[in-house]
Amino acid sequence: MSTSTDWPSLASLLARLPDFNPDAVPVAQARELLADWVAPRVQARSMLVQAEALGRVLARDVVARLDLPPCDNAAMDGYALRHADLKPEGDTTLPVAGRTLAGDPPATLPPGQAWRIMTGAPMPAGADTVVMQEHVQRRTNDTAPHDTRAQPDTGTHPQETITLPAGQKPGQNVRRRGEDIRTGQTALPAGRILSPMDLGVAASQGIVDLPVFGPLKVGVFSTGNELVQSGQPLAAGQIHDSNRPTLLALARNRGFEAIDLGWLPDDPAILTKALASSIDQVDVLLTTGGAAGGDADLLWHVLSQPMHHQGMALPTEAHAWKLKLRPGRPLVIGRIGQTPVFGLPGNPVAALLSFLFVIDAALQKMAGITAPRPLPRIRARAGTAIRKRPGRQELLRVTLCYHESDDLPVAMPAGSQSSAQLRSVAEADGIAVLPEDQGPVAEGDRLDVVPLHGLL
Ligand SMILES: Nc1nc2c(c(=O)[nH]1)N[C@H]1C(S)=C(S)[C@@H](COP(=O)(O)OP(=O)(O)OC[C@H]3O[C@@H](n4cnc5c(N)ncnc54)[C@H](O)[C@@H]3O)O[C@H]1N2
Ligand code: MOO
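Residues numbered from 1 in each chain as written. Chains lettered and ligands numbered in written order. Predicted model: local features only at pLDDT ≥ 70, side-chain atom pairs only at ≥ 80, totals over all residues. Heavy atoms only, no water.

- Identification of the chain as Molybdopterin molybdenumtransferase from Lautropia mirabilis ATCC 51599 is taken from an unreviewed UniProt entry.
- Within the UniProt record for the chain, the comment given under Function (unreviewed entry) is "Catalyzes the insertion of molybdate into adenylated molybdopterin with the concomitant release of AMP."
- The heading Cofactor (unreviewed entry) in the UniProt record of the chain holds the text "Mg(2+)". (UniProt positions renumbered as here; feature names shortened; annotations may be inferred.)

Take a look at the structure:
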């Protein structure tokens, strides 16, 4: 948890935007404002061996301590030679003076000769070019030329000669020292989510331990008198709480530490006490429900009042926004002390999509990620006409069909688009993003789709 006290209020950020309208916030503006507002909250607290660092955020630059490759070496199995020894026209025949395998120390090439060399083996001193074995004719002890691909190499080369045609390029098939990574260069910049490729880069530098940030602690509350934990029986008017498990799984899936803070009734005193006392355990608080301003929607009111915890006054801040987004219109943003609070809408699809499309960039920044990854997008064609009015961004659940005859996958709306119905998201392949200024979509129009598989 941060101990910083200089974190600005969201109100101070908004004060710089005279045209900001909390009742009609464009999605991109909401996402950027929230990401601007929050500060990184994680500390570099562990050195992890590579295998455990996958998916964690790199806390410091990894600076190369080795040139890669460490020496000039062959990119192909064949023969190393001096390009200057080749005739400009016609064939050149050169005796083969020796052989270097990958892992051998570098040899020295005598003038006017060639050197058998394998991929990855260090270039002999004096050689500057490698000719692939497929492009030479080999002769041993005056026997007929043989096909080098067909015959295993015995390692001894009595009076071996090679003949090769003109037209070889100087320096061909040679990997230069440091051409991949140079000593002193930033091999991996801080603030990235470590991928399998990054772990390979670190390993290639001989690095075992990587400095990573501790995971962002994301606490999740659900609110609403109607909710019952799954596993418990339902009374009339009650439903099972599906948002908390969904959001906890989403947070975990994004690499955060998901902290289940349980359920809260629509009771201001209980909400206040629970929210205030939770901030010791988390870096950021998510709640669902009570964001839209109905009679039992208390979150904004609760966050507008000063709070106390363990005898300490905690400054609070509360904003209620309506986004130009469907689903996902209402959003409460607040803070308790130094902890940001994101009050996501209660409708299950709205809660899920608000997480992904609105607050994810802010969470990534808090987690120490310097260049938040945008959601992946693919192009598709609308498989049917879609009703849409300009004025708000719509997120449409779609299935994708791939037909050989089509240049792009075809997107069809997947079942109900109601923000209360989670099952159609579970069935969807992706979320089509219909931009704010978009009008009706005609069949065959291009659509941007965020694929869900692999993301969730
Ligand atoms: N007069 C208005 N009514 C509504 C508006 C509005 O702007 N003016 N916005 C609508 C939109 S859009 C949404 S989204 C919802 C969001 O409302 P709240 O965030 O206040 O959420 P609740 O009212 O508490 O619940 C809405 C809905 O979701 C169900 N729910 C809540 N929590 C859970 C949970 N953990 N698991 C499963 N389902 C949950 C709840 O039972 C309600 O059915 O407001 C619209 N109304
Ligand atoms: O935004 Mo509400 O998000 O439609 O369901």
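What follows continues from the structure just given.
1. Concerning the site of ligand 2
No. 1: Near ligand 2, the surroundings consist of Pro 327, Gly 328, Arg 329, Pro 330, Asn 347, Ala 350 and Ser 419.
No. 2: Between an oxygen atom of ligand 2 and a side-chain N or O atom of Asn 347, the distance comes to 3.1 Å. (Near = heavy atom within 4 Å. Polar contact = N/O pair within 3.5 Å; in protein donor to acceptor, adjacent residues only side chain to side chain.)

2. Focus on the layout of surface pockets
It is a probe the size of a water molecule, rolled over the atoms, that shows where empty space is left.
No. 1: The calculated volume of the largest pocket comes to roughly 310 Å³.
No. 2: When its residues are assigned to classes, the lining of the largest pocket shows 7 nonpolar, 10 polar and 4 charged. (1 Å grid on protein atoms, 1.4 Å probe; cavity = no way out; pocket = protein on both sides within 12 Å on 5 of 7 lines; lining within 4 Å. Points joined across faces, edges and corners; volume = space filled by probe spheres on them. Nonpolar A, V, L, I, M, F, W, Y, C, P; charged D, E, K, R; others polar.)

3. Focus on the sheet that holds strand β17 (residues 284-288)
No. 1: The strand order across the open sheet formed by 6 strands is β16-β13-β17-β23-β22-β20, and the pairing between neighbours is mixed. Every other strand in the sheet has two partners, leaving β16 (257-264) and β20 (316-322) as the edge strands with one partner each. Taken over all neighbouring pairs, the strand axes of this sheet differ in orientation by 20 degrees on average, direction set aside.
No. 2: Sheet topology note: the strand β13 (residues 217-223)/β17 ladder contains 5 bridges and is parallel. Opposite Val 218, over in β17, you have Val 284 as the bridge partner.
No. 3: The strands touched by helix α5 (residues 243-253) are β13, β16, β17 and β23 (339-344); relative to β16, the strand with the most contacts, the crossing angle is about 165 degrees. (Pairing = 2+ DSSP bridges. Helix = DSSP H or I, 4+ residues; strand = E, 2+ residues; numbered from the N terminus. Axes fitted to C-alpha atoms, helices over the stretch in contact; angles between N-to-C directions. Contact = heavy atoms within 4.5 Å.)

4. Thoughts on the environment of Gly 103
No. 1: Checked against the element boundaries, Gly 103 lands in the loop between β5 (92-100) and β6 (114-117).
No. 2: Gly 103 gets classed as exposed once you look at its relative accessible area, which sits at 75%.
No. 3: Sequence-wise, Gly 103 and Gly 391 are 288 residues apart; in three dimensions their C-alpha atoms are separated by 65 Å. (Buried < 20%, exposed > 50% of the residue type's maximum accessible area, 1.4 Å probe, protein only.)

5. Here's the deal with the environment of Ile 386
No. 1: Positionally, Ile 386 belongs in the loop between β24 (378-382) and β25 (393-401).
No. 2: Sequence spacing of Ile 386 and Pro 196 is 190 residues, and the spatial spacing of their C-alpha atoms is 40 Å.
No. 3: If we ignore the near neighbours within four places in the chain, the residues touching Ile 386 are Leu 396, Pro 413, Leu 434, Pro 440, Val 441 and Leu 447.

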